[in-house]
Amino acid sequence: MLSCDICGETVSSEPDMKAHLLIVHMENEVICPFCKLSGVNYDEMCFHIETAHFEQNELERNFERINTVQYGTSDNRKDSSLQCRANINSGIHSACASNQPKTSAQSLPKDGTLKHKDFYSENLTESRKFLKSMEKQPDRTKLKESIYKTMYSLPECPFCGKIEDNSQDMETHVKTKHADRLDTPLEDCNQLLYDCPMCGLICTNYHILQEHVDLHLEESSFGQGVNRVQCSRDLELAQQLQQEEDRKRRSEESRQEVEEFQKLQRQYGLDNSGGYKQQQLRNMEIEVNRGRMHPSEFHRRKADMMESLAIGVDDGKTKTSGIMEALYRYYQNAATDVRRVWLSTGVDHFHSSFGDKGWGCGYRNFQMLLSSLLQNDAYGDSLKDMSVPCIPKIQSMIEDAWKEGFDPQGASQLNNRLQGTKAWIGACEIYTLLTSLRIKCRIVDFHKSTGPLGTHPRLFEWILSYYASEREGSPKVVCTSKPPIYLQHQGHSRTVVGIEERKNRTLCLLVFDPGCPSREMQKLLKQDMEVSSLKQLRKFVGNLKHKQYQIVAVEGVLSSEEKISHLYLSFPVFTFLSLSFSQIFTFDSLFHKKVTF
């Protein structure tokens, strides 16, 4: 079987193939290789190719140069297919490439049509072979696709750029619109081509180029306008996003502030969750539910609490008495490492209960201080017929002092109300309550450390000077007539009942802590008290490292006139350091347990 290289039709023998070529192909008229134009003579076809397919023809020439370089061919030795293709191109495009050999008119029939056998049998066959060889070259695929796209594109006028649907219309357009330019040599036509400086498009007329460039400028101006609008929209979007972010941030800050506010309310007992009575009952119910308290014990304690609240006197269930006497005996008979010790007057220890656990230290320390004053005859007139009050009664007494005019700032910070709350109290409330009872006292503020590693040695020195005016010549154990000292620091308060001077000249405070239960304090009442039992009382300089301390020290009794004068005076605050008043004392929540709500 044989296959026609021109149309691909298969025949059975060589004579059939010759007949096929003669009948089908050799009798056809000349056809444009780019747009399939037919029905014209050879000269008209040459003119048509040079006018309508100038760019495609140039592409064919460039392709020949590339092929020559890649395959190492020369003018003296080219293969038959390339030689035929060069001869065809040189004959068709003689007006454009005068340096190549031209196909003479003798090779054509007398009627001027392209029906030469060699043209169809050799050149078209070689063209098919050439295209097939290109398919075997992967790096030439794009060039081949470009040639095909160019061969089947719509014809474009080389003078004005107009595009027609077919070659006949384009030829008519050229003959009618550009007849005066058909006689112009191609060299002159090439000089009239203009390149667009912006996109590289080739224009045949200056005015066309100008209009084309104006379109570029209009597109650029429009693009700038679009960019400005887009930038404006982006700015608005950015502002909206920023505003939304600010709103969320303010909302989050507000939420955190409310949470901190509620946390402080809970911490300082101002969250309206009830006071001493409610907490006592609630905690006893929990003990019953856990099986650690019998129901009968619950009802008995409830009855005792209600009776205590009714009369306003502490029921004494958290009190431990006789500790100061036990300490005196211990220092007389033992404590060989102690050089001298000063003890306050008799003090009862009170610890926290179910009703005030977590917030009642200030009230319990006041009970300790008041228990000492009640045992001191010097304060009998001021505290006549008085007993140690229960915590709700102490709250009521402080409210009465506020009503008299004491500490209006502190009263406003606590909303003028303590009863029914778990509000903390501090040095200012203790001072207010004692002053209202005609007890002369003062607050001393140690607002910063005075020793290494955040210690407060001057606090110890001040307490020593409070208990011992003359240390030389005094016995080892000195039972003074001084009441205990209320000691306040961040989050807690305690009661100082004495101070040791050890043989190495270091100082050690003796402190009652309301957080220490009765069973531990009762160990101090044993005849053979062990040294380990004193560890819960002893506080050395290295044990007190809070940032700031305040003490309330009792100094005597106020007359009625002096009590009235204290209504119009600020708190008599002193410091062991020589600092200004504003540096010494500030009403803050750190020490006074006051928070502005």
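In the annotation of an unreviewed UniProt entry, the entry for the protein reads Zinc finger-containing ubiquitin peptidase 1, and the organism field reads Muntiacus muntjak. Quoted verbatim from the Catalytic activity (unreviewed entry) field of the UniProt record, the comment on the protein reads "Thiol-dependent hydrolysis of ester, thioester, amide, peptide and isopeptide bonds formed by the C-terminal Gly of ubiquitin (a 76-residue protein attached to proteins as an intracellular targeting signal)."

Undergrad: So what exactly am I meant to see when it comes to the overall build of the protein here?
TA: Looking only at helices and strands, the protein has 21 helices and 15 strands in total. Looking at the protein as a whole, 43% of its 597 residues are labelled buried. Here the contacts in the protein between residues at least 6 apart in sequence split such that 67% fall between residues at least 24 apart. When the accessible area of the protein is evaluated, it comes to approximately 32,800 Å², of which 51% is carbon and sulfur surface.

Undergrad: What is the right way to look at the packing of aromatic side chains in this model?
TA: All chains considered together, the criterion is met by four aromatic pairs. For the ring pair Y330 and Y331, a centre distance of 5.4 Å and an interplane angle of 75° mean the geometry is edge-to-face. For the pair Y330 and Y331, a shared accessibility class is recorded, and that class is buried. When the centroid spacing of 5.1 Å and the interplanar angle of 80° are considered together, the rings of Y466 and Y467 count as edge-to-face. Each of the two residues, Y466 as well as Y467, counts as buried. Aromatic rings pair up to connect W462, Y466 and Y467 into one cluster. Against the face of Y466 rests K482, its NZ or CZ located 4.6 Å from the ring centre.

Undergrad: Please explain the nonpolar core as it appears in this structure.
TA: Side chains that are nonpolar tend, in soluble globular proteins, to be buried together. Among the nonpolar cores identified, the biggest contains 37 residues, and F366, L373, L418, L434, I439 and V552 are the most heavily contacted of them. If you list the elements that add at least two residues to this core, you get α10 (276-289), α11 (295-311), α13 (361-374), α14 (391-404), α16 (427-436), β8 (439-446) and β14 (549-557). Excluding anything up to four places from it in sequence, F366 contacts P389, I394, I430, L433, L434 and L437. With 24 residues, the next largest nonpolar core counts A326, Y330, A335 and F512 among its residues.

Undergrad: How should the pairing of strand β11 (residues 492-502) be read in this particular structure?
TA: On a regular strand, one side chain projects to one face of the sheet and the next to the other, so that they alternate. With ten of eleven residues buried, β11 lies mostly within the body of the structure. The pairing of strand β6 (residues 338-343) with β11 spans five bridges and is antiparallel. Paired with R340 across the bridge in β11 is E501. As judged from the five bridges shared by strand β10 (residues 485-489) and β11, these two strands associate in the antiparallel manner. Bridging across to β11, Y486 finds its partner in T495. Taking the residues between adjacent antiparallel strands as the criterion, β10 and β11 are bridged by two residues, where G491 takes a positive phi near 80°. In this sheet, strand β12 (residues 507-512) lies alongside β11 in antiparallel orientation, the contact comprising six bridges. Counterpart to G498 in the pairing with β12 is L510.

Undergrad: Help me out: how do you make sense of the pairing of β8 in this one?
TA: Counted residue by residue, β8 has six buried out of eight residues, so it is predominantly covered. Across eight bridges, the pairing between β8 and β14 is antiparallel. In the strand pairing of β14, D445 is matched with Q550.

Undergrad: Help me understand a negative patch on the surface in this model?
TA: On the surface, E211, D214, E218 and E219 cluster together to form a negatively charged patch. With respect to the helices and strands, the residue E211 is situated in helix α9 (residues 206-267).

Undergrad: Mind showing me how you'd approach the confidence of the model for the protein here?
TA: When pLDDT is low, close inspection of the predicted coordinates is not appropriate. Across the protein, pLDDT averages 76, with 71% of residues at or above 70. Every residue in residues 146-152 scores below 50 in pLDDT, and together they form eleven contacts with partners more than four places removed in sequence or on other chains. Here residues 575-597 is modelled with pLDDT under 50, and outside its nearest four sequence neighbours on either side it reaches 78 contacts, counting other chains as well.

Undergrad: Which parts of the structure should I look at to understand the pattern of salt bridges?
TA: Here the idea is simple: oppositely charged side chains can pair when their charged atoms come close. Taken as a whole and assessed by the stated rule, the structure comprises 21 salt bridges. A salt bridge links R249 to E253, with the shortest nitrogen-to-oxygen separation between them at 3.3 Å. Here E253 and R249 lie together in helix α9, a separation of four residues that amounts to about one turn. R502 is the partner of D337 in a salt bridge, and the nearest nitrogen-oxygen pair spans 2.2 Å. A residue pair is termed long-range when its members are at least 10 positions apart, and D337 in the loop between α12 (323-333) and β6 and R502 in strand β11 qualify at 165 residues. Each of E297, R300, R301, D304 and K317 takes part in salt bridges that share partners, so that together they form one network.

Undergrad: Looking at this structure, how should I read the packing of α13 against α16?
TA: Two packed helices can be described by the angle between their axes and the distance between those axes. Running from N to C, α13 and α16 cross one another at 35°; their axes reach a closest spacing of 11 Å. The hand of the α13/α16 crossing is right-handed. The segment α13 lies against α16, with G362, F366, L369 and L373 engaging I430, L433 and L434. Residue composition of the contact of α13 with α16, grouped by class: six nonpolar, one polar and no charged.

Undergrad: It is not clear to me how the environment of G426 should be interpreted in this structure. Could you clarify?
TA: With respect to the element layout, G426 can be found in the loop between α15 (408-413) and α16. By relative accessible area, which is 0% here, G426 ends up buried. Between the C-alpha atoms of G426 and G491, which are 65 residues apart in sequence, the distance is 9.6 Å.

Parameters and conventions
Residues numbered from 1 in each chain as written. Predicted model: local features only at pLDDT ≥ 70, side-chain atom pairs only at ≥ 80, totals over all residues. Heavy atoms only, no water. UniProt positions renumbered as here; feature names shortened; annotations may be inferred. Helix = DSSP H or I, 4+ residues; strand = E, 2+ residues; numbered from the N terminus. Buried < 20%, exposed > 50% of the residue type's maximum accessible area, 1.4 Å probe, protein only. Contact = heavy atoms within 4.5 Å. Areas by Shrake-Rupley, 256 points an atom, 1.4 Å probe, with all protein chains shown as cover. Phe/Tyr/Trp six-rings, centres within 6.5 Å; stacked < 30°, edge-to-face > 60°. Lys NZ or Arg CZ within 6 Å of the ring centre and 35° of its normal. Core = buried A, V, L, I, M, F, W, Y, C linked by side-chain atoms within 4.5 Å. Pairing = 2+ DSSP bridges. Patch = residues over 30% accessible without salt bridge, like charges linked within 9 Å, V, L, I, M, F, W, Y side chains within 5 Å. Salt bridge = Lys/Arg side-chain N within 4 Å of Asp/Glu carboxyl O. Lys, Arg positive; Asp, Glu negative; His and termini not counted. Charge placed at Lys NZ, Arg CZ, Asp CG, Glu CD. pLDDT = per-residue confidence, 0-100. Axes fitted to C-alpha atoms, helices over the stretch in contact; angles between N-to-C directions. Left-handed = near helix turned anticlockwise from the far one by under 90°. Nonpolar A, V, L, I, M, F, W, Y, C, P; charged D, E, K, R; others polar.

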